[in-house]
Amino acid sequence: MLLLAPAALMAQEEMPITTSSEEARELFIEGRDQAEMLKTAKSTELLKRAVELDPEFASAYLFLSFSEGGGTGFAPDPLNKAVDLSHKASEGERQMIHLIKAIRAGNERAAEIHRQALLKLHPQDERVQLWVGNSLYFQEEYRKALTHFKKAKRLNESFHLAYNILGYTYMNLGKPEKAEEYFKAYLRMLPDAANPHDSYAEFLRKQGRFDEAIEHYKKAISYNPGFLASQKGLADCYLFKGEYGLAREQYRNYSKHTSNKNNKFNSLLWEATVDLHENKPESALQVMDQYIDLADERELPYYKVYGRAYMAGILNETGQPAKAIRLYREAIRTAETEDMDENIRMNLKTLAHLWEFYALASNGDMADAEAARTQCHEMVSRQENPYHSQAYNAACGIMEIKKGDYRQARKHLSKAYEGPFTWYYTGLAWEKSGNQRKARKWYEKVAKHYSNTIELGIFRNKAMAGLRE
């Protein structure tokens, strides 16, 4: 009994909020609530006021990172500030901050340590259950995440975020009826808010129900014209309906509604995809020149690396692999030499070498590709980043297709990340094996993936061409 006592004393119902200012605490709670409604502009304003009143308020910096990340990621500067101040916060807050840091760095071992610590400290806190579930969701561990989301809902039946993420989880598990049930429940809870309409619209879009989705996206925008997810979702609907002029205009409209640098870069990516969907790669490359110029002008190493990588991906898949290899090597040099956080540097450097391996294999430079494969295997083996391992297997799959070993190619691709790249090449491996029926299944998965990204822009026309053959 004595041995059990410390653990029992450690567990608390809710995570404390550590601040020296009661006014900052009130602003934080209001800002957190706004962030959970994805009212990121209002949330950012409130949380900035909180950290002005208490410059050592670690949790406020964490949620500020979430708000400045647009509600879909974490802005690095306030997250780094939260990490620096985490020793001044409660143990639960510290564990939460380092969980987010681990997720962003792709360190799954560290993430699991922080998850378990949080669950031991605050098992009855619905937000702890939600964020533990989110960290698993980000790793595509949807069934594990589901357990925590359900518990968050049981702990607080009015916790609207749980309904939203349950909808997304069931959608990713291939259970659209269950997903729609939760999205409609979320909408009933907050009928006059933008995000429930946006979430339901996203579900409808992914089901190919574009006109219904457009109705809900417009409803979300009517409640909040600056609601960026709906601005982007509306553009996606126009794109997949083949209304390219409206799509391009709407992606540019998205950019006008944001001052966030990440969103500015994303809007350029999406504008480039319109050209790719229209089968105009040279026009897309001109947009990517703007992306790279902006990254260079603003001295943003992360975007310098990714801008070159995105452009190289277009070049590689449109028959210009030699140019792609040169750009990937520029990305490697940028990752090695620019001033940035060492964890981010390691992640970008590894990715850039993996991209180079993929391009060498695509180009049929088998001797160089084999050397790159060995180097990448050593790098990936030293790290514990699932995405690096998945990207390595994706590149290995391309190499095996080039070598004509389609069975081995499919084996590697089955361990790659989920997305249009992997689906397209899995279809190609089946096609080259002579199994057109299975090839069509994978090509259709690309063609009916109604979430626009630069990756989809590169591969959707190729998949649709495979379906026509």
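The structure we're discussing is the one just above.
How each quantity is defined
- Residues numbered from 1 in each chain as written.
- Predicted model: local features only at pLDDT ≥ 70, side-chain atom pairs only at ≥ 80, totals over all residues.
- Heavy atoms only, no water.
- Helix = DSSP H or I, 4+ residues; strand = E, 2+ residues; numbered from the N terminus.
- Rg over C-alpha atoms; globule rule 2.2 N^0.38 Å.
- Buried < 20%, exposed > 50% of the residue type's maximum accessible area, 1.4 Å probe, protein only.
- Contact = heavy atoms within 4.5 Å.
- Lys, Arg positive; Asp, Glu negative; His and termini not counted.
- Charge placed at Lys NZ, Arg CZ, Asp CG, Glu CD.
- Axes fitted to C-alpha atoms, helices over the stretch in contact; angles between N-to-C directions.
- Parallel < 35°, antiparallel > 145°, perpendicular 65-115°, else oblique.
- Left-handed = near helix turned anticlockwise from the far one by under 90°.
- Nonpolar A, V, L, I, M, F, W, Y, C, P; charged D, E, K, R; others polar.
- Patch = residues over 30% accessible without salt bridge, like charges linked within 9 Å, V, L, I, M, F, W, Y side chains within 5 Å.
- Areas by Shrake-Rupley, 256 points an atom, 1.4 Å probe, with all protein chains shown as cover.
- Salt bridge = Lys/Arg side-chain N within 4 Å of Asp/Glu carboxyl O.
- Expected span 1.5 Å × (residues − 1).
- Phe/Tyr/Trp six-rings, centres within 6.5 Å; stacked < 30°, edge-to-face > 60°.
- Polar contact = N/O pair within 3.5 Å; in protein donor to acceptor, adjacent residues only side chain to side chain.

> I'd like a rundown of the overall build of the protein, residues and numbers included.
Within the protein, the secondary structure is distributed over 26 helices and 0 strands. Taking 469 residues into account, the globule formula puts the C-alpha radius of gyration at 23 Å, and the protein, at 23 Å, falls close to it. Dimensions of the protein along its principal axes, counting C-alpha atoms only, are 65 × 50 × 45 Å. Considering the protein as a whole, with its 469 residues, one finds that 57% of them fall into the buried category. Contacts in the protein between residues far apart in sequence, at least 24 positions, make up 54% of those at least 6 positions apart. Taking the 65 positively charged and 65 negatively charged side chains of the protein as two groups, their mean positions are separated by 6 Å.

> Can you break down the packing of helix H3 (residues 40–53) against helix H4 (residues 58–68) residue by residue, with the values?
It is the contact of H3 with H4, at a shortest axis distance of 9 Å, that shows an interaxial angle of 155°. In terms of their interaxial angle, H3 and H4 are classed as roughly antiparallel. The handedness of the crossing between H3 and H4 is left-handed. Where H3 abuts H4, its residues Thr40, Ser43, Thr44, Leu47, Lys48, Ala50 and Val51 lie against Ala60, Tyr61, Phe63, Leu64, Ser67 and Glu68. The class makeup of the residues in the contact of H3 with H4 is 7 nonpolar, 4 polar and 2 charged.

> Please set out the environment of Arg209 residue by residue, giving values where relevant.
You can see Arg209 is positioned in the loop between helix H12 (194–206) and helix H13 (210–223). The spatial distance from the C-alpha of Arg209 to the C-alpha of Ser451 is 13 Å, given a sequence separation of 242 residues. In contact with Arg209, not counting residues within four places along its chain, are Glu180, Tyr200, Phe203 and Leu204.

> With reference to specific residues and values, describe a positive patch on the surface.
A cluster of basic side chains, namely Arg143, Lys150, Arg154 and Lys175, defines a positive patch on the protein surface. Tracing the backbone shows Arg154 in helix H9 (residues 142–155).

> Summarise H3; cite the residues concerned and give the values.
Compared with an ideal rise of 1.5 Å per residue, which puts 14 residues at 20 Å, H3 spans 20 Å between its outermost C-alpha atoms and is within 8% of the ideal. When we look at burial in H3, the residues that qualify are Thr40, Ser43, Thr44, Leu46, Leu47, Ala50 and Val51. Looking at the buried side of H3, the elements it contacts are helix H2 (22–36) and H4.

> I'd like to hear about the packing of helix H7 (residues 108–121) against helix H8 (residues 126–138), residue by residue, with values.
Each packed pair of helices is defined by two parameters, the angle between the axes and the distance between the axes. Close contact between H7 and H8 brings their axes to 10 Å; oriented N to C, the two are set at 165°. In this view, H7 runs roughly antiparallel relative to H8, as classed from their interaxial angle. Relative to H8, H7 is oriented so that their crossing is left-handed. Residues Arg115, Leu118 and Leu119 of H7 form the contact with H8, whose participating residues are Val128, Gln129, Val132, Ser135 and Leu136. Of the residues contributing to the contact of H7 with H8, the split by class is 5 nonpolar, 2 polar and 1 charged.

> I'd love a proper account of unusual backbone geometry, names of residues and values included.
Notably, Glu140 is not glycine yet its phi reads approximately 65°, a positive angle. By the secondary structure assignment, Glu140 is in the loop between H8 and H9. Take Glu140: its relative accessible area is 38%, and that puts it in the partly exposed class. Look at Asn279: it is not a glycine, yet its phi comes out positive at around 60°. With respect to the helices, strands and loops of the structure, Asn279 is situated in the loop between helix H16 (261–277) and helix H17 (281–297). When its relative accessible area of 59% is taken as the criterion, Asn279 is described as exposed.

> Go over the packing of aromatic side chains with me, naming the residues and quoting the values.
Taken as a whole and judged by the stated rule, the model has 36 aromatic pairs. With 5.3 Å between their ring centres and 70° between their planes, Tyr358 and Phe421 make a pair best called edge-to-face. Residue Tyr358 is found in helix H20 (residues 342–362), and its partner Phe421 is found in helix H24 (residues 420–432); the two are separated by 63 residues along the sequence. On the numbers, 5.6 Å between centres and 40° between planes, the contact of Tyr424 with Phe459 is tilted. One end of the pair, Tyr424, is in helix H24; the other, Phe459, is in helix H26 (residues 454–468), with 35 residues separating them in the sequence.

> An account of the environment of Thr19 is requested, with residue identities and associated values reported.
Along the chain, the position of Thr19 falls in the loop between helix H1 (5–10) and H2. Look at Thr19 and you get partly exposed, because its relative accessible area is 23%. Sequence separation of Thr19 and Ala50 is 31 residues, and the distance between their C-alpha atoms is 9.4 Å. Residues within four places of Thr19 in sequence aside, it is in contact with Ala24, Arg25, Asp54 and Phe57. Of note is the side chain of Thr19, whose polar atom sits 3.2 Å from the backbone nitrogen of Ser21. Within the local environment of Thr19, its side chain forms a polar contact with the side chain of Asp54, the two groups lying 2.7 Å apart.

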